[in-house]
Amino acid sequence: MVGVVGIELHVPDIERELAELVRQIPRGRVTTYRALAEALGDPGAARFVGEWLMGPGAEGLPVHRVVHASGDVGRFAFGTWEEKANLLSAEGVQVVGRRVSPLPRYFFWDFKGSRPLAALRAEQEELSRKAIISPLPPVERVAGLDVAYRDGVAVAALVLCEKDGEALDFVTAEVPVRFPYIPTYLTWRELPCYLAAIRKAEEAGLRADVYLVDGNGILHPRRIGIATHLGVILDLPTVGVAKRRLCGEVNTEGMVVGEWRPVVLEGDTVGAAVRTGRNRTLFVSPGHRADLESSVELTLSLVREHPLPEPLRWAHELAGEAASLF
DNA sequence: GCGACAG
DNA sequence: ATCTTGTCGC
Ligand SMILES: [Mg+2]
C-alpha cells in the first residue's frame, strides 16, 4: 500500500499573514514589496506580494503605503498612481515626481509576524535529508501527475501508463486552492491536490512503480522540489519533470533531440536538461528512490511524438479537461 | 533597459 | 498556472 491515507500537509494561511503585515504600516510611513516579502520569510516572494496587493483580497488595506524599492510609488490597485501619490502626500509622505523622497526617511520595516516561509524552508531542509538517490526499481507501470486550476479550485489528474507510454486508466481530484505560487514553495500549492488524487487512485486499485511529477525533484535550492517532497512523505519512487528551469546552470545551445546535459547547482549535478523536441527542453531530476541517469532514461523512453513524456502529457490534458468542466 | 525563479 | 485566434518563428 502507498499509505497516503492519513498523510496530510499543513498549509499556512500566507494571505492572512500578508494582510496582517500590511496593516502594520503606520500612516505617514511606507514600505516596499521586498520588505513585506522578507517579513513573510523570503525576499523571493516579492512578486507574490505585488500580485496579491494588486488583487481583490487587498481591498480595505493601506496598499498605497507599499512602494518600489527604488522609491517609485509604482502601481495602485484601487486607482491611478497619481491617486496613490496624493494619498501618501495627505499622510505627510513627500512625493517628488513619482518618487517617495527620501525613501529612508519614511521607510517602515519593523514588522511583527511569524515569518511563515522561513518555517516552510525549515521543513524542507529537514525532509530533504530523507531523500534517497538511487537507481529506479524495475518499471512496469508509470503514473503522471499534473494540476490545473479554475476559480480557486485545483484539479489534479493521475494517469497510469504502461512502460511503453500506453495510457491505462486515470483519476482526478479537486481541492480548494490554499496557497499561492511562490518559487521554491510549489509543494504547498500543489501537493494537497496530488495527495487527494493518489488517495483516489489507491481506492481504485491504481498503482505505479514510479510517479512522474510536473515540477522538480532535487533540482531545487534546498534539493526538495515537489517531486522529492511527495516521494519522501509517501516513500514512493518519483521523478521531477519541469518545463522550465528553476535554478542551476546549464548551456542548452545546440542540443539535439534525445540529448541531455547536467544542470549544476552549487557544484552539484542536480538534474538534466533534456531535449525532447525540436524546440523543447525539459528539466528532469530525481525525486526520491531515483537517480539522474535512470530518471532521464525513463523520461526519454516515455516520449513519443509529443515533447512531454506520455504520462505527463495525459495528466496535463485530463487535469485541464476536468478543470474546464468545473 | 536588462535580467528573470517549477506551476 | 490563466486569459485566448490566428500567427510568426525555430
Ligand atoms: Mg502543472
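Look a little higher up for the structure.
Quick caveat: nothing in here was measured; it's all calculated off a predicted structure.

Participant: Which residues make up the overall build of chain A, and what values go with them?
Facilitator: Scanning chain A from terminus to terminus reveals 10 helices and 12 strands. Its C-alpha atoms give chain A a radius of gyration of 22 Å, within 12% of the compact-globule value 20 Å for 326 residues. Once the C-alpha set of chain A is aligned to its principal axes, its extents read approximately 70 × 45 × 35 Å. For chain A, the residues scored as buried account for 54% of the 326 residues in total. The contacts in chain A between residues at least 6 apart in sequence include a share of 65% that link residues at least 24 apart. Accessible surface for chain A amounts to roughly 14,800 Å². Of this, 50% is attributable to carbon and sulfur atoms. Side-chain charges in chain A split into 37 positive and 43 negative, and the spacing between the mean points of these groups amounts to 7 Å.

Participant: Describe the coordination of the magnesium ion, with residues and values.
Facilitator: For the magnesium ion, the protein coordination sphere consists of Asp146 (OD) and Asp214 (OD), at 2.1 Å. Of the two residues, Asp146 is situated in strand 5 (residues 141-150) and Asp214 in strand 8 (residues 210-214); the sequence distance between them amounts to 68 residues. Looking at Asp146, the relative accessible area reads 4%, which means it is buried.

Participant: Describe in detail the environment of Gly320, supporting the description with residues and values.
Facilitator: Its place among the elements puts Gly320 in helix 10 (residues 310-324). Spatially, the C-alpha atom of Gly320 lies 30 Å from that of Val256, the residues being 64 residues apart in sequence.

Participant: Hey, could you go over the protein's contact with DNA strand C for me, with residue numbers and the actual values?
Facilitator: Lining the immediate environment of DNA strand C, one finds Ala148, Tyr149, Lys243 and His316. Here Tyr149 contributes a backbone N or O atom positioned 3.1 Å from a phosphate oxygen of DNA strand C. A per-class count over the surface near DNA strand C returns two nonpolar, one polar and one charged.

Participant: So, the packing of aromatic side chains: which residues are in play, and what are the values?
Facilitator: Tallied over the entire structure, the rule returns three aromatic pairs. Their ring planes at 50 degrees and their centres at 6.4 Å tell us that Tyr185 and Trp188 sit as a pair that is tilted. Each member of the pair, Tyr185 as well as Trp188, is classed as buried. Note that Arg189 overlies the ring of Tyr149, its terminal NZ or CZ placed 4.3 Å from the centroid. For the cation-ring pair, Arg313 lies above Trp314, with the distance from its terminal atom to the ring centre recorded as 4.6 Å.

Rules behind the numbers
- Residues numbered from 1 in each chain as written.
- Chains lettered and ligands numbered in written order.
- Predicted model: local features only at pLDDT ≥ 70, side-chain atom pairs only at ≥ 80, totals over all residues.
- Heavy atoms only, no water.
- Helix = DSSP H or I, 4+ residues; strand = E, 2+ residues; numbered from the N terminus.
- Rg over C-alpha atoms; globule rule 2.2 N^0.38 Å.
- Buried < 20%, exposed > 50% of the residue type's maximum accessible area, 1.4 Å probe, protein only.
- Contact = heavy atoms within 4.5 Å.
- Areas by Shrake-Rupley, 256 points an atom, 1.4 Å probe, with all protein chains shown as cover.
- Lys, Arg positive; Asp, Glu negative; His and termini not counted.
- Charge placed at Lys NZ, Arg CZ, Asp CG, Glu CD.
- Donors = N, O, S within 2.8 Å, 3.2 Å for Na, K, Ca; no water.
- Near = heavy atom within 4 Å.
- Polar contact = N/O pair within 3.5 Å; in protein donor to acceptor, adjacent residues only side chain to side chain.
- Nonpolar A, V, L, I, M, F, W, Y, C, P; charged D, E, K, R; others polar.
- Phe/Tyr/Trp six-rings, centres within 6.5 Å; stacked < 30°, edge-to-face > 60°.
- Lys NZ or Arg CZ within 6 Å of the ring centre and 35° of its normal.

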